[in-house]
Structure formats: C-alpha cells, structure tokens
Amino acid sequence: MIGDAIARGWLAMAGNGNKTDDSAGSGGGSPWGGSEPPAEPGGDDEPPRADPPAPGKNAGPRNPWLPGGGAPGGRSGGGGSGGEPPRRGPSLEDLFRGRTGAPGPGNGGGRGFGGGMPRLPQRPDGRSWLPAIAGGVALIWIALTTTHMVGPKEQGIVVTLGKYSRTIGPGVSLTLPWPIESVTVADVTSIKRDTIPEGEAEKLMLTSDQNLVDISYLVRWNIKDLKLYTFQLADPDTTVKEVAEAAMRASIAEVPLTEAMGGTGRGDIEQAVRVRMQAVLDAYRSGVLIQGVEIKKADPPGKVIDAFQKVTAAQQDAQREMSNAQAWAQQITARAQGDAAAFDKVYEQYKLAPEVTRRRMYYETIERVLSNNDKVIVAAPGVNSYLPLPELRKKAEAAQPAGGTQ
C-alpha cells in the first residue's frame, strides 16, 4: 500500500515534467529557458552527466529516473525519431537500489536514489557473509547462556520457562539456552548482618515496668534453603528485619528496665529474640537461618537521659557505700573468728590444768593493766600499803648516770 502510493506520487511528478518539457520542445528551447543548464560541480570519481538534448532533437520529459531521449509511447518532441523503446515509470526497486555500479532503469548509470542502502562485503566465492556472522552470533549466545560457573559459597536456581526446575551447586553447570532456562546465583554461606535501627535513629521499646528504653541491636543470618528464599517471600531481607523488631519488642516487654539496660539480662534477651525469630521465619517457610542476635545499645530515651544519668550516679554511689560496708563487716568478722579460735586453744589448755591456767591468766592480766600505772597498792600484812615504785625508779634512773661518771 505505501509502496504503491509512493510510486503514484513519483509518476505524477514525472507527468508534470513531461508537460514542461513538451512546451519547451515546441518552442525550440531547453527547460531552462533556451539556455544551457549550469554545470554541476563533481569530483573526478563522478561519471560525466549527459548534456540535455539540443532543441528540436528528442526534447522529451526530464525525468531523473528515466533514460534520456524519446517520449513515452514512442512520441518524440522537436522532430525526433519515434523508433526508441517506450519509457516506463520508476518502481520501488529502482527507488531503493544501492550504488552497485550495475546500470538499470532509473539507476542513472550506477547512482542510487538518495545514496542507496549499504551492503555487506562478499566472500571470495561470491556469497554473502551474513549467514556466517549470524551463525557466529548464535554460537556465542548459546555458549554464554548455557554454561554457568557457581562459586564455592554459592548456589544457583534453574528456572525453565518461568517455573522452578532444580538447584545447582558449586562448579560448572550446563543448562538450556536462554530464554528456555535461566539461572539465578546467590551466596548461601556468607553471614549477612542487619543493624536495627540504621544509623543514629532512635528505637524506643516498652519494658515490663512501663518504662521506655532505646534499643539498638545486630542480627546475623544466612540462607538455609535457596529455593524457599527465592520463591516463598516477595522481599525476604525486609521480612527478616520486621520479624527481628517484633521479636525484640516481645522480649523487652517481659523484663524490667534494670535488666534491659544492665549487662546481666542481655544474654537471656538475645537468646529469646533468636528463638522467636527462627520460629516465625520457619512458619513463613522463608529459608533463612538466624545465627545470632547482639544488643549493641540499651539506653534511656534522649529527652530524659540527664535524669537517668543522675539516678545512675546515685545508684553507683550507693553501691560503693554498700561495698565498703560489706568489706568492713568482713574484716570484723574475720577478727572475731580469729579471737574465738585463740580462745578455743586456751580453753583446751585450761581443761588440762585449770589452776595453773587461771594463775597464768591472772598474772598476764595484772601485768597488762598495771604496766602503765604510777600507783601500786599492795594489800598484804606487814607490808606498806603504798609503795612509791615509780618515784623510786625515777630516782634510780637519775642517779645512775652520775654514778657512771664517777
């Protein structure tokens, strides 16, 4: 349809040219008003163009796609001969013929319409290179889409016409070419780490004693079943994060603020979160294995952190005082236990010789009491009740240096 319309348009243009040329021929002039047309610039490689016919000699239509001389249907203008073959209109083959150098109707001596269509070079035997090039491209396409290299930590999912076919392991595997079969390779051994929340965002959770705590934690997981991981969930990575947050909220809601913020209860919380996550993901048939959960931060909310710091400082002071009191109590207890042990040893000796032990204990006690006393009172018959022993000792000490000098 489009080709016929183009041909009819060019034929109409050729008819208009014939009328102009006939009027010029009848007047004995050229189409350019009786003068020669201006010469067209051309290179050395361009073939010379034929001059327009002189007046009165076959001044036919000036159609650029038809050979010169002679009017259609054997009619000649300006007294020309009518024995030349009739002209014909241009066809689509003439319009789109390339510059091959072969003459033909409408070719214009090897010049194609609009420069022509480029052609591939030919082989020495005259055949085209197109089949060989197409065959090479097909071989490369088959080689690239049928051979698959899977790494030691990876597995591949083979899909045949959009349906799961099989799972391939590490190594070189062969499949049917694309689009019949396609392979999706994923790392199933490396541990993936998700930090919740990301960056410096605040994640507030409610404890069992109705307090808020800002939690930041790390989840470690890997792929357990690549088939389930690929086809069961629409976005497994996002699902792991959402399940981790739900499990952490449930575990924090079971403990008070002191255990959530302290280091003693973190291990139990982390274990509870891991167990909850694995149970939910197994119920979803996600193909994900949770390796562990680690709480990185458990702080009070940012708006009340100053008050919490003061409370924490007071608690630390109280704890320090309690520790000092406990240390002092331990020292006193140890001393008392030592005294009791010494008394037990004395009591054992007392049971063996009660009188001797009582006398020795009496003498030791009197010696310890009267060692620093200046007055000595002796209650005995025939003896002065007061003995100035300290004064006598002082006099003796004062007289002794004088005697030593003599």
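For the structure, see preceding data.
Residues numbered from 1 in each chain as written. Predicted model: local features only at pLDDT ≥ 70, side-chain atom pairs only at ≥ 80, totals over all residues. Heavy atoms only, no water.

> What am I meant to see in the pattern of salt bridges here?
Opposite charge on two side chains allows them to pair when their charged atoms are near. Under the criterion given, the structure shown has 12 salt bridges. Among the ionic pairs, lysine 241 bridges to glutamate 198, the shortest N-O distance being 3.1 Å. Taken together, the residues lysine 241 in helix 5 (residues 236-252) and glutamate 198 in the loop between strand 6 (192-196) and strand 7 (204-206) connect sequence positions 43 residues apart. For lysine 241, a relative accessible area of 31% gives the class partly exposed. One salt bridge in this structure joins arginine 276 and glutamate 254, with 2.5 Å as the shortest N-O distance. (Salt bridge = Lys/Arg side-chain N within 4 Å of Asp/Glu carboxyl O. Helix = DSSP H or I, 4+ residues; strand = E, 2+ residues; numbered from the N terminus. Buried < 20%, exposed > 50% of the residue type's maximum accessible area, 1.4 Å probe, protein only.)

> What is the right way to look at a nonpolar patch on the surface in this model?
Taken together, the side chains of Tyr362, Tyr363, Ile366, Val369 and Leu370 present a nonpolar region at the surface, about 500 Å² in accessible area. Following the sequence through the fold, tyrosine 362 ends up in helix 9 (residues 354-370). (Patch = residues over 30% accessible without salt bridge, like charges linked within 9 Å, V, L, I, M, F, W, Y side chains within 5 Å. Areas by Shrake-Rupley, 256 points an atom, 1.4 Å probe, with all protein chains shown as cover.)

> Help me understand the nonpolar core in this model?
Looking at soluble globular proteins, one finds that nonpolar side chains tend to be buried together. Of all hydrophobic cores here, the largest spans 31 residues; its most connected members are Ile215, Tyr217, Val219, Trp221, Met248, Ile252 and Met277. Secondary structure elements with two or more residues in this core: strand 2 (154-160), strand 8 (212-223), helix 4 (226-231), helix 5, helix 6 (257-261), helix 7 (266-284) and strand 9 (288-299). Ignoring anything within four residues of it in the chain, the contact list for isoleucine 215 reads Ile196, Pro197, Lys203, Met205, Met248, Ile252, Lys297 and Ala298. (Core = buried A, V, L, I, M, F, W, Y, C linked by side-chain atoms within 4.5 Å. Contact = heavy atoms within 4.5 Å.)

> Honestly, the packing of aromatic side chains in this entry has me stumped. Any pointers?
Note on aromatic pairs: each is described by the distance of the centres and the angle between the planes. Tallied over the entire structure, the rule returns three aromatic pairs. Ring plane angle 70° and centroid distance 5.8 Å describe the contact between tyrosine 164 and phenylalanine 231, whose orientation is recorded as edge-to-face. Of this pair, tyrosine 164 sits in strand 3 (residues 163-168) while phenylalanine 231 sits in helix 4, and the two are 67 residues apart along the sequence. For phenylalanine 231, a relative accessible area of 42% gives the class partly exposed. With 5.9 Å between their ring centres and 55° between their planes, tyrosine 362 and tyrosine 363 make a pair best called tilted. The exposure class of tyrosine 363 is partly exposed, given its relative accessible area of 47%. (Phe/Tyr/Trp six-rings, centres within 6.5 Å; stacked < 30°, edge-to-face > 60°.)

> I tried to follow unusual backbone geometry on my own but got confused; where do I start?
For residues other than glycine, phi is negative in most cases, and the peptide bonds are mostly trans. Going from tryptophan 178 to proline 179, the amide bond is cis rather than trans, its omega being 10°. Inspection of the secondary structure assignment puts proline 179 in the loop between strand 4 (171-174) and strand 5 (181-187). Omega for the peptide link from isoleucine 196 to proline 197 comes to -5°, which places this bond in the cis form.

> I would appreciate a short explanation of the sheet that holds strand 3 in the present structure.
Whenever strands of a sheet pair, they do so through backbone hydrogen bonds, lying parallel or antiparallel. A sheet is described by the order of its strands in space; here three strands give the open sequence 3-2-5, paired in antiparallel fashion. Each end of this open sheet is capped by a strand with a single partner; those strands are strand 3 and strand 5. Along the sheet, successive strands turn relative to each other by an average axial angle of 25°, direction set aside. In the sheet, strand 2 pairs with strand 5 via seven bridges, with the strands oriented antiparallel. Bridging from a neighbouring strand, valine 159 pairs with serine 182 of strand 5. (Pairing = 2+ DSSP bridges. Axes fitted to C-alpha atoms, helices over the stretch in contact; angles between N-to-C directions.)

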